[in-house]
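# Descriptive structure summary
The chain contents come next:
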Amino acid sequence: MLDLAFVRDHLEIVEAKLRARGMDPAAVLGQFRQLDGERRQAITRAETLKAERNRASDEISRRKKNKEDAEELIARTKQLREEISAAEKQAEELDANLRSTLVNIPNLPQDSVPVGESAEQNVEVRRWGTPPKFDFTPRPHWELGEQLGILDLERATKLSGARFALYWDTGARLERALANFMLDLHTREHGYTEVLPPFMVNSASLFGTGQLPKFADDLFKCENRDLWLIPTAEVPVTNIYRDEVLEAARLPISLTAYTPCFRSEAGSYGKDVRGIIRQHQFQKVELVKFTRPEDSCAEHEKLTAHAEAVLQRLGLHYRVVTLSTGDMGFSSAKTYDIEVWLPGQQLFREISSCSNFEAFQARRANIRYKTEGKKGTDFVHTLNGSALAVGRTWLAVLENCQQADGSVLVPECLRPYMGQERIEPRRR
């Protein structure tokens, strides 16, 4: 959420940033200027009436002391109480309307974010590695998984419906190996602390990270309970410090978590219907950082590099792109997408998004920090990124490491976790 005073004092900048996102400022901001003006008038009126009431009270005390008539002033103070109550109520109602407007304003893109209407204007930053070369036509992961007997989409549909997956044997072991490898890398080499959060959260948590109220249709809610299945570990991990004040000396705080993620994929009908690219349930290793404002841009680069390190250890070709203003998420001020090369489909596919939210989430979740010797508190900056989406890494390993005989070579860094060098067709 943006700061009310900032929006009020820099409304032209806010409008320009919204236009850069491809939005109509009038539709997003509504009657912000009018509501804010009326709210301030109501507050001023309440304060003016309180001052009059205080003067009247002093005069009543003086007259009573001198045995003078004070009935007229007593009647006036009663009227003033009613007028003050009405002005304060009006200010509260207007404040609620302003807050409703503020919570639906997206974060403002950093100046370094490319302006564009869609993913077509995303800007490639760098590439790592080279695509593997095959002396045969590489197959997509849904064919490989079925032929190896490790991916069963048909039975998953029987169990749960479309967009679910069932892994068998070494398929399940590969998923577990990837998650363990990622967690070990981030905790042992990158300095993250592992946490295991709840997989269901309340509405306040989803409001804090920006999913509610705007994106409720993308979520799964438990019936008759204020509990939602998490769409990403970003939600519970960021909200660990909701309504808390952190010591500046502790920052940056770097946390990692492995959790399932649940998404309704509203609006994705007909997209990525084959394979396991777009699922209602998938697993992910998430990185979350809490930083001082002046450090968040540098920490964003570090976090992105930590996500890239997973692909580098696996030997998978990828590229990093900066999302344009028209493609970035609601809460983000800047996002890098990491896209892995999939030879079976002959395309790059997003495998991680690494975002700097600045104070946007911290203001919604009320996460502050205090510097020793300094009065007051400030909002932290929050960052997060997938490192990585395990299912998409799973399929990237299959497609990039497939062999002519139909087997899949296990990347060297995963062999201690897998206990084998090759995935071969399993007996059915």
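Placed above this text is the structure.
These remarks concern the structure in this document.

What counts and what doesn't
Residues numbered from 1 in each chain as written. Predicted model: local features only at pLDDT ≥ 70, side-chain atom pairs only at ≥ 80, totals over all residues. Heavy atoms only, no water. Helix = DSSP H or I, 4+ residues; strand = E, 2+ residues; numbered from the N terminus. Buried < 20%, exposed > 50% of the residue type's maximum accessible area, 1.4 Å probe, protein only. Areas by Shrake-Rupley, 256 points an atom, 1.4 Å probe, with all protein chains shown as cover. Lys, Arg positive; Asp, Glu negative; His and termini not counted. Charge placed at Lys NZ, Arg CZ, Asp CG, Glu CD. Phe/Tyr/Trp six-rings, centres within 6.5 Å; stacked < 30°, edge-to-face > 60°. Lys NZ or Arg CZ within 6 Å of the ring centre and 35° of its normal. Pairing = 2+ DSSP bridges. Contact = heavy atoms within 4.5 Å. Axes fitted to C-alpha atoms, helices over the stretch in contact; angles between N-to-C directions. Parallel < 35°, antiparallel > 145°, perpendicular 65-115°, else oblique. Nonpolar A, V, L, I, M, F, W, Y, C, P; charged D, E, K, R; others polar. Salt bridge = Lys/Arg side-chain N within 4 Å of Asp/Glu carboxyl O. Arc of directions from axis to C-beta.

## Quick word on the overall build of the protein
Helices and strands together make up the secondary structure of the protein, namely 14 helices and 16 strands. Structurally, the protein occupies a C-alpha span of about 110 × 50 × 35 Å along its principal axes. Buried positions account for 51% of the 428 residues belonging to the protein. When the accessible surface of the protein is totalled, it reaches about 20900 Å², and 47% of it is carbon and sulfur. Separation between the mean location of the 60 positive side-chain charges and that of the 63 negative ones in the protein comes to 2 Å.

## Topic: the environment of His10
Considering the arrangement of structural elements, one finds His10 in the loop between helix H1 (4–9) and helix H2 (11–20). Residue His10 is classed as partly exposed on the basis of its relative accessible area of 33%. The sequence separation of His10 and Leu49 amounts to 39 residues, and the corresponding C-alpha distance is 30 Å.

## Details of the packing of aromatic side chains
Evaluated as defined, the whole model comprises eight aromatic pairs. When the centroid spacing of 5.2 Å and the interplanar angle of 65 degrees are considered together, the rings of Phe134 and Phe136 count as edge-to-face. Ring centres of Tyr167 and Trp394 lie 5.0 Å apart, and the angle between their planes is 65 degrees; this geometry places the pair in the edge-to-face category. On the criterion of sequence distance, the pair formed by Tyr167 in the loop between helix H7 (153–160) and helix H8 (170–188) and Trp394 in helix H13 (residues 390–400) is long-range, its members being 227 residues apart. You can call Trp394 buried: its relative accessible area is 0%. One aromatic cluster in this structure is built from Phe215, Phe330 and Phe360. Geometry around Phe207 places Arg364 over its ring, the cationic atom sitting 4.2 Å from the centre. Lying over the aromatic face of Phe379, Arg368 brings its terminal NZ or CZ to 4.1 Å of the ring centre.

## Details of the sheet that holds strand S2 (residues 193–194)
Sheet architecture is open: eight strands sit in the order S1-S9-S10-S11-S14-S8-S7-S2, paired in mixed fashion. Because the sheet does not close on itself, it has two edges, and the strands there are strand S1 (123–128) and S2. The strands touched by H13 within the sheet are strand S7 (253–262), strand S8 (281–291), strand S10 (334–342), strand S11 (347–358) and strand S14 (381–389), with S14 carrying the most contacts at an inclination of about 40 degrees.

## Points about the sheet that holds strand S5 (residues 228–229)
Spatially, three strands are ordered S3-S5-S4 in an open sheet, and the strand pairing comes out antiparallel. Strand pairing shows two members of the sheet lacking a second neighbour, strand S3 (200–201) and strand S4 (220–221), which therefore form its edges.

## Concerning the packing of helix H6 (residues 141–148) against H13
In the contact formed by H6 and H13, the axes pass within 9 Å of each other and the chain directions differ by 80 degrees. The orientation of H6 relative to H13 falls into the category roughly perpendicular. Contact with H6, carried on its side by His141, Leu144 and Gly145, involves Leu395, Leu398 and Glu399 of H13 and no other residues of that element. Here the contact of H6 with H13 is composed, by residue class, of three nonpolar, two polar and one charged.

## Brief notes about unusual backbone geometry
The omega torsion across Leu251 and Pro252 is -5 degrees, close enough to zero to call that bond cis. In this structure, Leu388 follows Ala387 across a cis peptide bond, with omega equal to 10 degrees. Along the chain, the position of Leu388 falls in strand S14. Although it is not a glycine, Asn366 adopts a positive phi angle of roughly 55 degrees. Considering the arrangement of structural elements, one finds Asn366 in the loop between helix H12 (360–365) and strand S12 (368–370). Here Asn366 falls in the partly exposed class, since its relative accessible area comes to 29%.

## Some words on the environment of Ser118
Position of Ser118 relative to the elements: it lies in the loop between helix H5 (71–102) and S1. You can call Ser118 partly exposed: its relative accessible area is 28%. In this structure, the C-alpha to C-alpha distance between Ser118 and Ser324, residues 206 residues apart in sequence, is 6.7 Å. For Ser118, the contacting residues outside a window of four places in its chain are Ser324, Gly326 and Asp327.

## Description of the pattern of salt bridges
Using the criterion set out here, one finds 27 salt bridges in the structure. The salt bridge partner of Arg62 is Glu68, with a shortest N-O separation of 3.4 Å. Residue classification places Arg62 among the partly exposed residues on the basis of a relative accessible area of 37%. Where Glu308 meets Arg126, a salt bridge forms, and the shortest distance between an N and an O atom there is 2.5 Å. Residue Glu308 is located in helix H11 (residues 296–314), and its partner Arg126 is located in strand S1; the two are separated by 182 residues in the primary sequence. Taking relative accessible area as the criterion, Arg126 reaches 29% and is therefore assigned partly exposed. Overlapping salt bridges bring together Arg8, Asp36, Arg39, Arg40 and Asp95 as one network.

## A closer look at H6
Those residues of H6 not exposed but buried are His141, Trp142, Leu144, Gly145 and Leu148. The buried residues of H6 all sit within an arc of 165 degrees when viewed along its axis, so they share a single face. Buried residues belonging to H6 abut H13, strand S15 (408–409) and strand S16 (422–423). Remark: Gly149 follows H6 within two positions and exhibits a positive phi of approximately 75 degrees.

## Thoughts on the pairing of S14
Across the nine residues of S14, nine count as buried, placing the element largely inside the fold. Where S8 lies against S14, seven bridges are found, and the strand directions are antiparallel. Residue pairing across strands places Thr291 opposite His381, the latter belonging to S14. Both S11 and S14 contribute to a ladder of four bridges, which runs antiparallel. Of the residues in S14, the one forming a bridge with Asn356 is Leu383.

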